[in-house]
Amino acid sequence: DVKVTQSSRYLVKRTGEKVFLECVQDMDHENMFWYRQDPGLGLRLIYFSYDVKMKEKGDIPEGYSVSREKKERFSLILESASTNQTSMYLCASSLQGYNEQFFGPGTRLTVL
Amino acid sequence: SQQGEEDPQALSIQEGENATMNCSYKTSINNLQWYRQNSGRGLVHLILIRSNEREKHSGRLRVTLDTSKKSSSLLITASRAADTASYFCATAPDSGNTPLVFGKGTRLSVIA
């Protein structure tokens, strides 16, 4: 069974903290993606990566950075968390950019 | 940038009825995909239809694609309470290895 796992289902952090969200896939996929999902706004792409050490900005990269040191792992970093980053964060992977994406279960992040 | 727009935003039907959701998009595509999301979970891929296909079936799902109208529909026949979820269309742009673009989703409620 193909699998995308995320490090936490629920996370509570304080404003100003540095936050790491980790995503691991076991399908040897080239592409990995980070989205945030907010009510009424659907999925918005934060960053994606086509290969190890490669990263591309999505639609809303401000306030976030990413790291992809190994093919199977894609990390999302909030350098200084703010309350407007409270959201559901979804990681996904795919073989090619236009192929079906496999999603992790999501991390619900609350920033107080 | 979100390209797909689902219609309606919310749909409530009785168990056993058919549910139809529509998706419109703006630019040329390589393929169009439908995903399902149960509350608080990640998205699950349902079906992919390529730009040169007009109709595709998978179990109780039927997807149509009209590239001249830049629209697609997802039909779920004989709906069940377990079909209650949000449904998203995602378009794969017809331009290289670029990420999928997701719509905001249709919230389907199937009442037993």
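The structure this text deals with has already been given above.
Computed from a prediction, not measured in an experiment: that's the story for all the values here. (Residues numbered from 1 in each chain as written. Chains lettered and ligands numbered in written order. Predicted model: local features only at pLDDT ≥ 70, side-chain atom pairs only at ≥ 80, totals over all residues. Heavy atoms only, no water.)

**Student:** What am I meant to see in the pattern of salt bridges here?
**Tutor:** If charged atoms from side chains of opposite charge come close, those side chains can pair. Counted under the stated rule, the structure contains 11 salt bridges over all chains. Across the pair Lys71(A) and Asp28(A) runs a salt bridge, and its minimum N-O distance is 3.0 Å. In this pair, Lys71(A) is assigned in the loop between strand E7 (65-70) and strand E8 (73-78) and Asp28(A) in the loop between strand E3 (19-25) and strand E4 (31-38), connecting sequence segments 43 residues apart. By relative accessible area, Asp28(A) is classed as exposed at 53%. Asp83(B) serves as the salt-bridge partner of Arg60(B), at 2.9 Å between the closest nitrogen and oxygen. Here Arg60(B), found in the loop between strand E6 (55-58) and strand E7 (61-66), pairs with Asp83(B), found in the loop between strand E8 (71-76) and strand E9 (85-93); they are 23 residues apart in sequence, far enough to count as distant. By relative accessible area, which is 24% here, Arg60(B) ends up partly exposed. The exposure class of Asp83(B) is buried, given its relative accessible area of 6%. Through salt bridges with shared partners, one network takes in Asp28(A), Glu30(A) and Lys71(A). (Salt bridge = Lys/Arg side-chain N within 4 Å of Asp/Glu carboxyl O. Helix = DSSP H or I, 4+ residues; strand = E, 2+ residues; numbered from the N terminus. Buried < 20%, exposed > 50% of the residue type's maximum accessible area, 1.4 Å probe, protein only.)

**Student:** In this structure, what is going on with the interface of chain A and chain B? I would like to understand it.
**Tutor:** Interface extent is often summarised as the accessible area lost during association of the parts. Taken together, the contact between chain A and chain B spans 26 residues of the former and 23 residues of the latter. Summing both partners gives a buried area of about 1,800 Å² for chain A against chain B, and 50% of it is carried by carbon and sulfur. Between chain A and chain B we count 0 salt bridges in total. Here chain A is connected to chain B by 6 residue pairs in polar contact (both at pLDDT 80 or more). Of all the elements in the fold, those that place two or more residues in the side of chain A that touches chain B are E4, strand E5 (42-49) and strand E9 (87-94) of chain A. Ranked by residues supplied to the side of chain A that touches chain B, first place goes to E5(A) with 5 residues. In terms of residue class, the side of chain A that touches chain B is built from 12 nonpolar, 9 polar and 5 charged. (Contact = heavy atoms within 4.5 Å. Buried area = accessible area lost by both parts, 1.4 Å probe. Polar contact = N/O pair within 3.5 Å; in protein donor to acceptor, adjacent residues only side chain to side chain. Nonpolar A, V, L, I, M, F, W, Y, C, P; charged D, E, K, R; others polar.)

**Student:** So what exactly am I meant to see when it comes to the environment of Val52(A) here?
**Tutor:** All names here are of chain A. Of note, valine 52 is situated in the loop between E5 and strand E6 (56-57). C-alpha of valine 52 to C-alpha of glutamate 72: the two residues are 20 residues apart in sequence and 8.8 Å apart in space. When residues no more than four places from it in sequence are discounted, the contact partners of valine 52 are Arg68, Glu69, Lys70 and Lys71.

**Student:** Explanation requested: the layout of surface pockets in the structure shown.
**Tutor:** Roughly 500 Å³ of internal volume is contained in the largest pocket. Along the wall of the largest pocket there are 24 residues; nearest its centre are Gln37(A), Pro39(A), Gly40(A), Phe88(B) and Lys104(B). At the level of secondary structure, the elements contributing two or more residues to the lining of the largest pocket comprise E4 and E9 of chain A together with strand E1 (5-7), E9 and strand E11 (106-111) of chain B. Class assignment of the residues belonging to the lining of the largest pocket gives a composition of 4 nonpolar, 13 polar and 7 charged. Taken as a whole, the second largest pocket encloses approximately 210 Å³ of empty space. Along the walls of the second largest pocket sit Val4(A), Glu100(A), Gln101(A), Phe102(A), Phe103(A), Gly104(A), Pro105(A), Arg41(B), Gly42(B), Leu43(B), Val44(B) and His45(B), which together make up its complete lining. At the level of elements, strand E10 (102-103) of chain A together with strand E5 (43-50) of chain B are the ones that each hand at least two residues to the lining of the second largest pocket. The leading source of residues in the lining of the second largest pocket is E5(B), at 3 residues. (1 Å grid on protein atoms, 1.4 Å probe; cavity = no way out; pocket = protein on both sides within 12 Å on 5 of 7 lines; lining within 4 Å. Points joined across faces, edges and corners; volume = space filled by probe spheres on them.)

**Student:** Would you mind going over the sheet that holds E7(B) with me for this structure?
**Tutor:** For sheets, the rule is that strands pair by backbone hydrogen bonds, running either parallel or antiparallel. Residues and elements named next belong to chain B. One open sheet accounts for 5 strands, arranged E1-E3-E8-E7-E6; its pairing is antiparallel. Each of the sheet's edge strands pairs with one partner strand only, and the pair in question is E1 and E6. Averaged over all pairs of adjacent strands, the angle between their axes in this sheet comes to 20°, without regard to strand direction. Here 6 bridges tie strand E3 (residues 19-24) to E8, and the two strands are oriented antiparallel to one another. Across the sheet, residue cysteine 23 finds its bridge partner in E8, namely serine 72. (Pairing = 2+ DSSP bridges. Axes fitted to C-alpha atoms, helices over the stretch in contact; angles between N-to-C directions.)

**Student:** In this structure, what is going on with the nonpolar core? I would like to understand it.
**Tutor:** The tendency in soluble globular proteins is for nonpolar side chains to be buried as a group. Counting 21 residues, the largest nonpolar core has Trp34(A), Ile46(A), Leu76(A), Leu78(A) and Tyr89(A) as the members making the most contacts within it. Of all the elements in the fold, those that place two or more residues in this core are E3, E4, E5, E8, E9 and strand E11 (107-111) of chain A. (Core = buried A, V, L, I, M, F, W, Y, C linked by side-chain atoms within 4.5 Å.)

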